[in-house]
Amino acid sequence: MDRNVVTATILIGLIMVVWLTWLAPPAPIVEPIPEDSTLVQQPSVDIEEVVPLPAERLLDPAQVASDSTVLGAAEGESRLLTVRTDRYEAVLSTRGGTIRSMELFSYQDAADSSNVQLVDSSLAGALAMVFTTPDSRVYDTRSFFFDADTNRDLIEVGDEAFVLRFRTAVGDGAISKTYTFRNDSYEVGYDLDLENPEAFLTASGYELIWNGAVPFSEVDIENEAIASGAFARSGGEVESAKVLEDSYSENSIRGDVDWVAVKTKYFTNVILPNAPGRGAELIAERFGEMDSEDLALYYQASLSRRFPEGTESFRLYMGPMELSRIRQYGVALYDMVDFGWDFFASITRPLAKYVFVPVFDLLAAWIPNYGLVIIIFSILVKLLVYPLTKKSFTSMAKMRELQPRMEAIKAKFPDNPQKQQEAMMKMYKETGVNPLGGCLPMLLQYPIIIALWQFLPQAIEIRQEGFLWAADLSAPDVILQLPFSIPLYGDFVAGFTVLMGLSMVVQMRLQGNLSANPQTKMLTYIFPVMIFVIFNRLAAGLNLYYLCYNVLSAAQQQVINRSLHNHPEQLEPKKPVKKKGGNAKRRKRR
């Protein structure tokens, strides 16, 4: 392995270190958790044990007698209604006419195997209308009591859609909320009808708000929190509010807004209006350290609406961040998935959306196991970049075969670098070897490598899918639990990471003569150790992919090495081609 290859390897290593350093969460600012805070995400509790919202967001009962604007809204019966489809079970309350729980049947919490919950049940409901009365008082409909149009407490949705209506009188007007549930869908229809809105609503309109973070559902909550946030799309760009560096963040958006949402790594709740909103407000708050078991998040996504002119219609998508499902809305919901800096995302996101996901779906339709899908996928990617890797590996192999000649040139001109350079350039020209031929093709593959690096750990398709000893390809495949924790590495050993590191050692051995350069030999071991440490806490599916890719690369390198060894004439100086008939013409003239 010559100096150019060593330089290229070091550069690639630096790129990976910088990239992973950027991905790592910064040291959070520790904030004390208020004992009486209502924003902290609590473990699942009984749906009746509701923590009240802050007073400024709730109707003060003492105001009812003097505030005729909302007279009657604070009186009624609190009742829970359960709607069950083939995909989820939703619990709604007549207090607020809001969603109090949403459990998905097809997805289980990684910690306790319960159904994944999309609504923070410690709050008084997820969906609310907030408005200002002509008396300049702000009210939240989660404080109002609504009448439901059904006496049933449990509704099983059949072939036909089920429509559930809530209504409450607000002074001389009324607010009606209508939910539409269907089987085979994670979408819930939501209509908001304000009767005589002039009686209780100012000309400024109202806000439709989603309150609360999606509860954690993974074992590694720190990694899940990094991918979480509140989001909105305006002007073709997706804006967000996250709490990585600071414990509080907010983002005010003006102009047309296509949607607002909150999400975790794999699940999301989205409000999609049929007509764009006129602005949005995103709020994010964090309690506790990012690496703490007591970490809690709170998000609020508010969609500003103009004064209504009739019924306002919305769609609520409450389900997995699965591209094949959310792309049907055509408003770039998948752009909530983080693919790194804008420069990288402009390359990696299209690769994930238009290449990786379609191929994954196609393979999964024929192959029953996602571990096998990843293996086949790695073979397909290897075939895709084969022209680049072949040129790169061939160049590196030729440089290795030319190493003795290069050493001879250095020995011939030990004190004359200029003569060394001239002799080596002549050798390269005669043998047709490009000293940069191993570097450039390798770098051209990096958009694909980085895109897969970002895509696979966030692909819900491999979540809780097992392969060999790995119970969950979206999480590390722990084969040995350590009694202590190592900084950066963790407190466990991941199996596919060990195999990937070993495959990298084999591949680097095949790429150069280790005995010729002690520095190169040291690098051959240091670089895999770095990868071994960094990748230990990443998804097993990602490490499985790189393991297969390295094995295929090593096999390809071995074939190229044997070809050059068996046909050394490929490195012999090229003989100049003589023009036919030139001497005959001269003799004829004489």
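The rules behind each value
- Residues numbered from 1 in each chain as written.
- Predicted model: local features only at pLDDT ≥ 70, side-chain atom pairs only at ≥ 80, totals over all residues.
- Heavy atoms only, no water.
- Core = buried A, V, L, I, M, F, W, Y, C linked by side-chain atoms within 4.5 Å.
- Buried < 20%, exposed > 50% of the residue type's maximum accessible area, 1.4 Å probe, protein only.
- Helix = DSSP H or I, 4+ residues; strand = E, 2+ residues; numbered from the N terminus.
- Pairing = 2+ DSSP bridges.
- Polar contact = N/O pair within 3.5 Å; in protein donor to acceptor, adjacent residues only side chain to side chain.
- Contact = heavy atoms within 4.5 Å.
- pLDDT = per-residue confidence, 0-100.
- Salt bridge = Lys/Arg side-chain N within 4 Å of Asp/Glu carboxyl O.
- 1 Å grid on protein atoms, 1.4 Å probe; cavity = no way out; pocket = protein on both sides within 12 Å on 5 of 7 lines; lining within 4 Å.
- Points joined across faces, edges and corners; volume = space filled by probe spheres on them.
- Nonpolar A, V, L, I, M, F, W, Y, C, P; charged D, E, K, R; others polar.

Counting residues in hydrophobic clusters, the biggest one holds 125 residues, and the most contacted among them are I175, Y179, F181 and F455. One finds L402, M406, I409 and M427 within the second-largest nonpolar core, a separate group that totals five residues.

What follows covers the pairing of strand β5 (residues 127–132). Across the six residues of β5, five count as buried, placing the element largely inside the fold. Bridge analysis of β5 against strand β12 (residues 206–211) gives five bridges, and the strand direction is antiparallel. In the strand pairing of β12, F131 is matched with Y206. Where β5 and strand β6 (residues 138–140) come together, three bridges link them in antiparallel fashion.

Within the element layout of this structure, T497 appears in helix α12 (residues 495–510). For T497, a relative accessible area of 0% corresponds to the buried category. A polar side-chain atom of T497 sits 2.8 Å from a polar atom in the side chain of N543. Ignoring sequence-local partners within four residues, the contact set of T497 consists of I531, F532, F535, N536 and N543.

On to the confidence of the model for the chain, then. Interpreting fine coordinate detail is not advised for predicted regions of low pLDDT. Averaged over all residues, the pLDDT of the chain equals 78, while 75% of them reach at least 70. Ignoring residues within four places in sequence, the model shows residues 1–12, a span with pLDDT below 50, making 24 contacts including any to other chains. In this model, residues 584–588 is a region of pLDDT below 50 whose contacts with residues beyond four sequence positions or in other chains number zero contacts.

Taken across its nine residues, strand β19 (residues 312–320) has seven buried, putting it largely inside the fold. Here six bridges tie strand β11 (residues 187–195) to β19, and the two strands are oriented antiparallel to one another. Within β19, the position partnered with V188 by the bridge is L316. As judged from the seven bridges shared by strand β16 (residues 267–273) and β19, these two strands associate in the antiparallel manner. The partner of P273 across the bridge, within β19, is F314.

Here T150 is to be found in the loop between β7 (147–148) and β8 (154–156). For T150, a relative accessible area of 12% translates into the label buried. There is a polar contact of 3.2 Å between the side chain of T150 and the backbone nitrogen of R152. With residues near it in sequence (within four places) discarded, T150 still touches R79, L81 and L164.

This part takes up unusual backbone geometry. Phi angles above zero are rare outside glycine, and S136 is one such case at about 65°. Considering the arrangement of structural elements, one finds S136 in the loop between β5 and β6. Since its relative accessible area comes to 62%, S136 is described here as exposed. The phi dihedral of D184 is positive, around 60°, even though this residue is not glycine.

Bringing the environment of D159 into the picture now. Mapping D159 onto the fold places it in the loop between β8 and β9 (162–170). Placed 23 residues apart in sequence, D159 and R182 show a C-alpha to C-alpha distance of 7.9 Å.

Take the pattern of salt bridges next. For the structure shown, the criterion picks out 14 salt bridges. A salt bridge links R233 to D258, with the shortest nitrogen-to-oxygen separation between them at 2.7 Å. Here R233, found in strand β13 (residues 229–234), pairs with D258, found in strand β15 (residues 248–263); they are 25 residues apart in sequence, far enough to count as distant. On the basis of relative accessibility, which here comes to 17%, the residue R233 falls in the buried class. Of the residues examined, D258 reaches a relative accessible area of 23% and is grouped as partly exposed.

Considering all chains together, one arrives at two cavities of 30 Å³ or more under this definition. M321, L323, Y334, V357, F455, Q458, A459, I460 and E461 together form the lining of the second largest cavity. The class makeup of the residues in the lining of the second largest cavity is seven nonpolar, one polar and one charged.

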